[in-house]
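A structural walkthrough
For reference, the chains in residue letters:
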Amino acid sequence: MSEQQDLSTPTPSWDPKTLIVAGGRPAHTNDGPVNHPITFTSTYHSHGLAGAGDRVYARFSNPSWDPFEEVLGQLEQADYPALVFSSGMAAISAALTLVPEGGVLVLPKHSYNGSLGLSAELQAAGRFTVRPVDVANTDEVLSAMTGADVLWLESPTNPMLEVADLPALLAAAKAAGVLSIVDNTFATPLLQQPLTLGADLVVHSVTKYLSGHSDLILGAVVTSDEQLRSKLHGHRTLHGAIASPMDVFLALRGVRTLSVRIERSQANSQILAERLAEHSKVTSVRYPGLPSDPGHQRATEQMSGYGSVISFTVGATATAADADKLIDELALITGATSLGGVETLAERRARHANEPDSVPDNLIRLSVGIEAVEDLWLDLHQALELI
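Computed from a predicted model, the values in this text were never measured in an experiment. (Residues numbered from 1 in each chain as written. Predicted model: local features only at pLDDT ≥ 70, side-chain atom pairs only at ≥ 80, totals over all residues. Heavy atoms only, no water.)

1. Considerations on the nonpolar core
- One finds Phe68, Leu151, Leu153 and Leu218 to be the most contacted residues of the largest nonpolar core, which totals 55 residues.
- Of the residues forming this core, the biggest block, five residues, is contributed by helix 9 (residues 245-255).
- Counting 26 residues, the second largest nonpolar core, distinct from the first, contains Phe85, Phe128, Ile181 and Val203. (Core = buried A, V, L, I, M, F, W, Y, C linked by side-chain atoms within 4.5 Å. Buried < 20%, exposed > 50% of the residue type's maximum accessible area, 1.4 Å probe, protein only. Helix = DSSP H or I, 4+ residues; strand = E, 2+ residues; numbered from the N terminus.)

And the structure:
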């Protein structure tokens, strides 16, 4: 038999749509498995002085993490594999340890509420100071970076879908010696790759689009900085923020379909956003794919797609009751938190106590799935007619 080609390491010419399918695979050998097996173990055969790269104990390393970390690192065009964490919040918590004691964190006032809640808690404890900013206002963010230590960015933001000028802000942060962190959960590395724009670190809630099926909780960080990665790896190990091998296996299986899921959900989102914008019961719509959206031009220039989340407000009274009524009347679309699964989810975001006051009471965040778009529209339309 001729020698088999090892395709486990992707070639530089691979398209990301190919990489998500072909990356992180075992070598092509006769009778070899197509997928890496799941390794359930708490420890490894080991004696004597542990060498660099030895696994030793399963809190330090697990071979079931390796393929997922490899693929995500390559998708983000990082120099090193990603680091998978037990949850998105575990990844965020690790990233926030990079703000020095007594330092200053610049943070979008509209961000994932877990990021807002944890940073507020750390500020209250005297750990660091938070400077909230309108991330779409580049001058405001640049001004806030004066004397800051860490710049945290989301783009598009959760749930208001503001789009930051990532190239300008990341370049300014680097010039000022400010560490930059980008939460890339909404966009995924298929739509933007912040490390290539100058970010020092990327954070993901793997729970969302990467795994894509609303069936697990995981997070990840990605960096091309070896010292930064080593520090975060140490944090993961000492704080025990480690992932189940089974969950990471499922997450990699989810990644395999990321491009087709994003393609379908984005197409659905564009149609739904356009129709929502014309409906008499809808008072405003935010979706970067709409030419009328304030972030449209910026998103067009720096992203390869507009994502699959729509935020819109409903009802003439602009009260929570209108939005709650709409969600109650939905039959196909599920009223639930989270996003990025194959099913469409709707949620009134202000129902969470730690959402900023600037998030309207009647704002609904719609995570658009891969169902037939006409079925989704019929469900939205009939619910809108009842409020």
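Don't stop here, the text continues.
2. Observations regarding the environment of Ala320
- As for its placement among the helices and strands, Ala320 is situated in helix 12 (residues 320-329).
- For the pair Ala320 and Leu363, spaced 43 residues apart in sequence, the C-alpha separation works out to 8.1 Å.

3. A word on the sheet that holds strand 3 (residues 128-133)
- One open sheet holds the seven strands; their spatial order is 1-7-6-5-4-2-3, and the pairing between them is mixed. Looking at the sheet topology across the chains shown, the edges are occupied by strand 1 (83-85) and strand 3. On average, each strand axis in the sheet is tilted by 20° relative to the strand beside it, whichever way the strands run.
- Examined bridge by bridge, strand 2 (residues 103-108) and strand 3 share six bridges and lie parallel to one another. Paired with Val106 across the bridge in strand 3 is Arg131.
- The strands touched by helix 6 (residues 166-176) are strand 4 (150-154) and strand 5 (179-183); relative to strand 4, the strand with the most contacts, the crossing angle is about 170°. (Pairing = 2+ DSSP bridges. Axes fitted to C-alpha atoms, helices over the stretch in contact; angles between N-to-C directions. Contact = heavy atoms within 4.5 Å.)

4. Here's the deal with the sheet that holds strand 9 (residues 309-314)
- Strand order in the open sheet made by the five strands is 8-9-12-11-10, with mixed pairing throughout. Looking at which strands have only one partner, the edges of the open sheet turn out to be strand 8 (282-286) and strand 10 (334-335).
- Two elements, strand 9 and strand 12 (residues 363-367), share five bridges in a ladder whose sense is antiparallel. Counted as the bridge partner of Ser311 is Arg365 from strand 12.
- Against the sheet, helix 10 (residues 258-278) touches strand 8, strand 9 and strand 12, its axis set at about 15° to strand 9.

5. Brief notes about the pattern of salt bridges
- A complete count under the given rule lists twelve salt bridges for this structure.
- Between Arg127 and Glu101 there is a salt bridge whose closest N-O contact spans 3.9 Å. Residue Arg127 is located in the loop between helix 4 (113-124) and strand 3, and its partner Glu101 is located in the loop between helix 3 (88-96) and strand 2; the two are separated by 26 residues in the primary sequence.
- We classify Arg127 as buried; its relative accessible area is 18%.
- Notably, a salt bridge pairs Glu374 with Arg275, separated by 2.9 Å at the nearest N-O pair. Taken together, the positions of Glu374 in helix 13 (residues 373-384) and Arg275 in helix 10 put the pair 99 residues apart, joining distant regions of the chain.
- Classification of Glu374 as partly exposed rests on a relative accessible area of 42%. (Salt bridge = Lys/Arg side-chain N within 4 Å of Asp/Glu carboxyl O.)

6. Observations regarding the packing of aromatic side chains
- Tallied over the full model, the rule gives one aromatic pair.
- Relative to Phe60, the ring of Tyr57 has its centre 5.8 Å away and its plane inclined at 70°; by these criteria the two rings are edge-to-face.
- Tyr57 sits in the partly exposed class, given a relative accessible area of 37%.
- A cation sits over an aromatic face here: Lys208 above Tyr112, 5.7 Å from the ring centre. (Phe/Tyr/Trp six-rings, centres within 6.5 Å; stacked < 30°, edge-to-face > 60°. Lys NZ or Arg CZ within 6 Å of the ring centre and 35° of its normal.)

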